[in-house]
Amino acid sequence: MEKLTIEEARRLNDTMVTEEHLKLHAANVAACMGAMAQHFCEDKEHWEAVGYLHDYDYEKYPEEHLAHTKEPLKAAGVPEGDIRAIMSHGYGICTDVEPVSDMEKSLFTVDELSGIIQAAARMRPNGITDMEVKSFMKKWKDKRFAAKCDRPLILKGCEMLGMDIKDVSEICITGMKEHAEELQLTGTGE
Ligand SMILES: [Fe+2]
Ligand SMILES: [Fe+2]
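Note that this is a predicted model, so its numbers are computed, not measured. (Residues numbered from 1 in each chain as written. Chains lettered and ligands numbered in written order. Predicted model: local features only at pLDDT ≥ 70, side-chain atom pairs only at ≥ 80, totals over all residues. Heavy atoms only, no water.)

Visitor: Outline the packing of helix H6 (residues 102-122) against helix H8 (residues 151-161), listing residues and values.
Guide: In a pair of packed helices, the angle between the axes and the distance between the axes together describe the arrangement. Two elements in contact, H6 and H8, have axes whose closest approach is 9 Å; the angle formed by their N-to-C orientations is 150°. On the basis of the axis angle, H6 is roughly antiparallel to H8. The two elements H6 and H8 meet at a crossing, and its hand is left-handed. Residue-level inspection shows Asp102, Lys105, Ser106, Phe108, Thr109, Glu112, Leu113 and Ile116 of H6 in contact with H8, the latter providing Arg151, Leu153, Ile154, Lys156, Gly157, Cys158, Met160 and Leu161. Looking at side-chain class alone, the contact of H6 with H8 contains eight nonpolar, three polar and five charged residues. (Axes fitted to C-alpha atoms, helices over the stretch in contact; angles between N-to-C directions. Helix = DSSP H or I, 4+ residues; strand = E, 2+ residues; numbered from the N terminus. Parallel < 35°, antiparallel > 145°, perpendicular 65-115°, else oblique. Left-handed = near helix turned anticlockwise from the far one by under 90°. Contact = heavy atoms within 4.5 Å. Nonpolar A, V, L, I, M, F, W, Y, C, P; charged D, E, K, R; others polar.)

Written out as C-alpha cells, the structure is:
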C-alpha cells in the first residue's frame, strides 16, 4: 500500500487489540490526529489511520511496547514512513526514534493529551460536545486532575511543534467533537 488507510489500520489493530478502553484510546488519538492534519493542511484520513494504529503491540506486549511493531507492520505492507511515525511516539521512553515531521510531532503530543481531554469530557453532562478549550485549560492546570497523564511529556511535544498547549488542545477538542459518538463522549445527559 502507498499509505495506510483507516480501514487497514482498524483491521490490523483488531488483530492485536481486544480491550475496549484501548480501542477507545486508538480512536481518540486518531480523532486528534485528523484535526492536526487539517491544521497543517495535510491528509486527514492518513493521519487518522496512523494515529489509530500507534499502540498496535501495547496490549500484548506492555513491557516491550513498540518492540513488536516494526516487523509485523512491515510484513503487512504498511509503508516505512508510517511505521517510523508510529515508532517515534515512544521517543525517549521505549524507542530512540525522534519525532521529526509534523505528523510525528503531533502523534507524540496527542497520544497523552487526548487522555486528559477524554477524562475531562467524561466528567461533563454533555461530554465533549459543548466543551470549550477555556474550561479544559482549568483541568490542565489542576495537576491533581488526571494526575497519571504526563504533562511535561505533552509540553515537550508542544515545544517540538512550536505550538502552545492551548492551541493544540483546541485542535484536539475539535477533532474529538467530530467523533463524539464513536468516542462515547456525548455525555450522560444529566
Ligand atoms: Fe504507546
Ligand atoms: Fe497511546
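Now that the structure is up, let's keep going.
Visitor: For the coordination of the iron ion (ligand 1), give the residues involved together with the corresponding values.
Guide: With distances of 2.1 to 2.2 Å, the protein atoms coordinating the iron ion (ligand 1) are Asp55 (OD), His65 (NE2) and His89 (NE2). Each donor residue of the iron ion (ligand 1) belongs to the same chain, with the gaps between them written as D-x9-H-x23-H. Residue His65 is classed as buried on the basis of its relative accessible area of 13%. What makes His89 buried here is its relative accessible area of 5%. (Donors = N, O, S within 2.8 Å, 3.2 Å for Na, K, Ca; no water. Buried < 20%, exposed > 50% of the residue type's maximum accessible area, 1.4 Å probe, protein only.)

Visitor: Please give an account of the coordination of the iron ion (ligand 2) that cites residues and values.
Guide: All of the protein donors around the iron ion (ligand 2) are His25 (NE2), His54 (NE2), Asp55 (OD) and Asp111 (OD); their distances to the metal are 2.1 to 2.2 Å. Classification of the site at the iron ion (ligand 2) as irregular follows from its four donor atoms and the range of 84 to 178° in their angles at the metal. Metal-to-metal, the separation of the iron ion (ligand 2) and the iron ion (ligand 1) is 3.6 Å; Asp55 coordinates the two. Note that His25 is positioned in helix H2 (residues 20-39) and Asp55 in the loop between helix H3 (44-53) and helix H4 (70-75), a separation of 30 residues in sequence. Overall, the relative accessible area of 19% leaves His25 in the buried class. (Tetrahedral: all angles 85-135°; square planar, octahedral: opposite > 155°, others 65-115°.)

Visitor: Please give an account of unusual backbone geometry that cites residues and values.
Guide: Even without being glycine, Ala146 reaches a positive phi, approximately 45°. Mapping Ala146 onto the fold places it in the loop between helix H7 (133-141) and H8. Phi angles above zero are rare outside glycine, and Gln184 is one such case at about 55°. Looking at the secondary structure, you find Gln184 in the segment after helix H9 (165-178). With a relative accessible area of 52%, Gln184 lands in the exposed category.

Visitor: Requested: an account of the packing of aromatic side chains, with residues and values cited.
Guide: Here the structure, examined in full by the defined rule, presents one aromatic pair. Look at Phe40 and Trp47: their rings are 6.0 Å apart centre to centre, the planes differ by 35°, and that puts the pair in the tilted class. As far as the burial class goes, Phe40 and Trp47 line up, both buried. The residue whose ring lies beneath Lys139 is Phe145, and the NZ or CZ to ring-centre distance is 5.0 Å. Between the NZ or CZ atom of Arg151 and the centre of the ring of Trp140, over which it lies, the distance is 5.5 Å. (Phe/Tyr/Trp six-rings, centres within 6.5 Å; stacked < 30°, edge-to-face > 60°. Lys NZ or Arg CZ within 6 Å of the ring centre and 35° of its normal.)

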